[in-house]
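Report on the structure
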Amino acid sequence: MAEIREAFRTSPFGKAGLVIVGIFAVLAIIGPYIAPYDPWKTADQLEDILAPPSWRHPLGTDELGRDILSQVIYGTRITLIIGLSAAAIAVVVGTVVGVTAGYLGGPVDAVLMRFTDSFLSMPFIVLAIVIVSLMGRSLGNIILAIGLVQWTQAARITRSQTLSIKERVFVLRARALGAGPLYIMRRHILPNVLPLVFANMTLVTSLAILSEAFLSFLGLGDPTKFSWGIIIRYAFETGAVSIGAWWYFLPAGICIMLVVLGFSFISNTLDEALNPKLRRGQVVI
Amino acid sequence: MGGIGKYIVQRVLLTIPMLFILLTAVFLMLRLMPGDPVLAMLGGRNVSPELIEQRRKEWGLDKPLHVQYLNYLAQVVRFDFGKSSRTGRPVLYELRTRLPATLELAFGGIFFAALFGITTGIWAAVRADKTSDHVVRLFHIGSFAIPIFWLGLMFQMVFAVQLDWLPVAKRVSGIYAYTFQPITRFYFLDAILLRDGKLLLDVFKHWILPAVTLGIALTGFLGRMTRAAMLEVLDADYVTTARSKGLAERVVILKHALRNALIPIVTVMGLQFAILMGGAVLTETVFSWPGIAGFLVRSLDARDWNAIQGTIVFIGVFIATVNLIVDILYSIIDPRVRY
């Protein structure tokens, strides 16, 4: 814990990440109370259709005269829920696979790791769009699809950590005393891989938020909700680009970028604190 | 030479089980997923049970799962993905005619990613821990965070709509849509073969925005790799030797350091092909680029079962093959890889 606090204290990026994510987290919680309009409320008058930013609508309106600022504020909650839940699923699946493969070793390890490798040779986004379009465009399915394609990193990280922990004396001693593999994995391995898993989860959250935006942009978002990706999709469908309605898609894109940056800064800082040697460079898509 | 032969055989043998797992996963995913493909295809409303039965038979879905699986494997091995129910043509034909468009875009993406990533990476490494290093690193991290489709929309708005320098979308202008008969379907190559300078310029103007967009998606990754690899070699003894011989700093960096740093960079670039293909899906959608991704998205909308299965398998096999080729080429260039 002390190293983590120290890392955030000395790193300006780490601090920036905490501030950005903090602001959006607050917005996600209180959003519906501070949004100026109901995001679904359509315009009563013609001049409110695709209106540029004004005092009445600080970020303008869409083709139905709905307030973009309110949509972006409502979208914060949905986007964060999808990002965090999908990351949680990914990390749980990855940890189970990684710890099992690492601890049991042998053929189990070989099979699980080949499976992980073949997952890596498929673009995440292609798998996710297939899963969502077959299962249906709902919030739960989107979370599940993203979770199910993003687990490979966590599996690799926990596997290599498990390999080193299982040779430590306390594990050998537990085994000599007759502890079973399930007990050792739960009581000795898991507590020791959790900090790395947690650091990985912040990174996977940023990837999951990007993945949600990708899916929504391809028309696979939950049509009953506003997420940032869905707002950009609507802007794309309306042809906001060719009519110069920049206010329609600019704010949501900037929000995605800021939150993804915030989570990556936090994850970088956590990594430096937990594992100074860890080198990174993973990309989503 | 024996070493290389052995390595290639080993590497091919490793790829086979991977492909097998991939094929099995695709099969299970499509069969066990909720939602009946036949019902979905027929629209689900007021369909007679006889018609459903008939379609099941036609597609072999009435057989037990293991028979379906063996039939599927037999089909895939022959690269026979059946007919697309949406277009009525063989899926393989659809994929083959769209592949050149996707590849032309992908090559563009790799080119610009290398151009931006490697130059900025060298810049950052040479000026490590100075302000310009921090700025470049921030740019690298930023390029991870930008949603690529959004960047594409921004480019369209600025360069195509506001400045009106470039076309918004598609591969060629409308005037060529009916007159131009593609030969190879690689439009750059076609324009050169047809000796049509105007067409070449037109193709270039359509290609540049999507290619740069896709390139930026990989720039951050390559930039960070380059910076790390350069930092490592800049400390190496042979670089110090080169410097102490009094060689110009330019020569030391470009000739002595970069050449060695490039080896890991090139490999990693090859392995990023899966990510590149994923990025192509989004870029193709933004720019109405007539490639494989658009085909997949439309097949999904139409629940075109054969086309969905065929496209995923095709992309998976394609990426695995590219990775295999990159690995083998790499082992020829750098014998250290072969252990």
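Residues numbered from 1 in each chain as written. Chains lettered and ligands numbered in written order. Predicted model: local features only at pLDDT ≥ 70, side-chain atom pairs only at ≥ 80, totals over all residues.

A few words on the overall build of chain A. Of regular secondary structure, chain A possesses 11 helices and zero strands. Each helix (α) and strand (β) of chain A, taken in turn from the N terminus, gives the series α-α-α-α-α-α-α-α-α-α-α. Taken over the C-alpha atoms alone, chain A extends approximately 80 × 45 × 30 Å along its principal axes. The burial tally for chain A puts 54% of its 285 residues in the buried class. In chain A, of all internal contacts separated by at least 6 residues, the share reaching a separation of at least 24 is 74%. (Helix = DSSP H or I, 4+ residues; strand = E, 2+ residues; numbered from the N terminus. Buried ≥ 20, exposed ≤ 12 C-beta atoms within 10 Å, placed from the backbone. Contact = placed C-beta atoms within 7 Å.)

Moving on, we come to the interface of chain A and chain B. The interface is formed by 38 residues belonging to chain A together with 44 residues belonging to chain B. Elements supplying a minimum of two residues to the side of chain A that touches chain B: α4 (106-120), α5 (124-135), α9 (181-220), α10 (228-238) and α11 (246-274) of chain A.

Across chain B, pLDDT averages 81, with 92% of residues at or above 70. In the model output, the complex is listed with pTM 0.85 alongside ipTM 0.85. (pLDDT = per-residue confidence, 0-100.)

All names here are of chain A. The biggest cluster of nonpolar side chains holds 172 residues, and the ones touching the most others in it are Ala 128 and Ile 129. Among the elements that take part in this core, α9 stands out by supplying 19 residues, more than any other. With residues up to four places along the chain from it excluded, the contact list for Ala 128 reads Ala 145, Ile 146, Val 149, Ser 211 and Leu 215. (Core = buried A, V, L, I, M, F, W, Y, C linked by C-beta atoms within 7 Å.)

So, on to α10 of chain A. Of all the 11 residues making up α10 of chain A, nine are buried; the element is thus mostly covered by neighbouring parts of the structure. Buried within α10 of chain A we find Trp 228, Gly 229, Ile 230, Ile 231, Ile 232, Arg 233, Tyr 234, Ala 235 and Phe 236 of chain A. Considering only its buried residues, α10 of chain A is in contact with α3 (68-104), α9 and α11 of chain A together with α7 (148-162) of chain B. The positive-phi residue at the C-terminal boundary of α10 of chain A is Gly 239 of chain A, with phi of around 80 degrees.

Right, let's get into the environment of Thr 240 of chain B. Residues and elements named next belong to chain B. Considering the arrangement of structural elements, one finds Thr 240 in helix α11 (residues 237-244). With 13 C-beta atoms counted inside 10 Å, the residue Thr 240 sits in the partly exposed group. When the C-alpha atoms of Thr 240 and Leu 282 are compared, they prove to be 45 Å apart, with 42 residues separating the residues in sequence.

Right, let's get into unusual backbone geometry. Residue and element names in this part refer to chain B. Of note, Asp 164 is a non-glycine position whose phi angle comes to about 60 degrees, a positive value. According to the C-beta neighbour criterion, Asp 164 is exposed, with 9 such atoms within 10 Å. Here Ser 288, not a glycine, exhibits a phi torsion of approximately 45 degrees, which is positive. The residue Ser 288 is located in the loop between α13 (273-286) and α14 (292-301) in this model. For Ser 288, a count of 12 C-beta atoms within 10 Å puts it in the exposed group.

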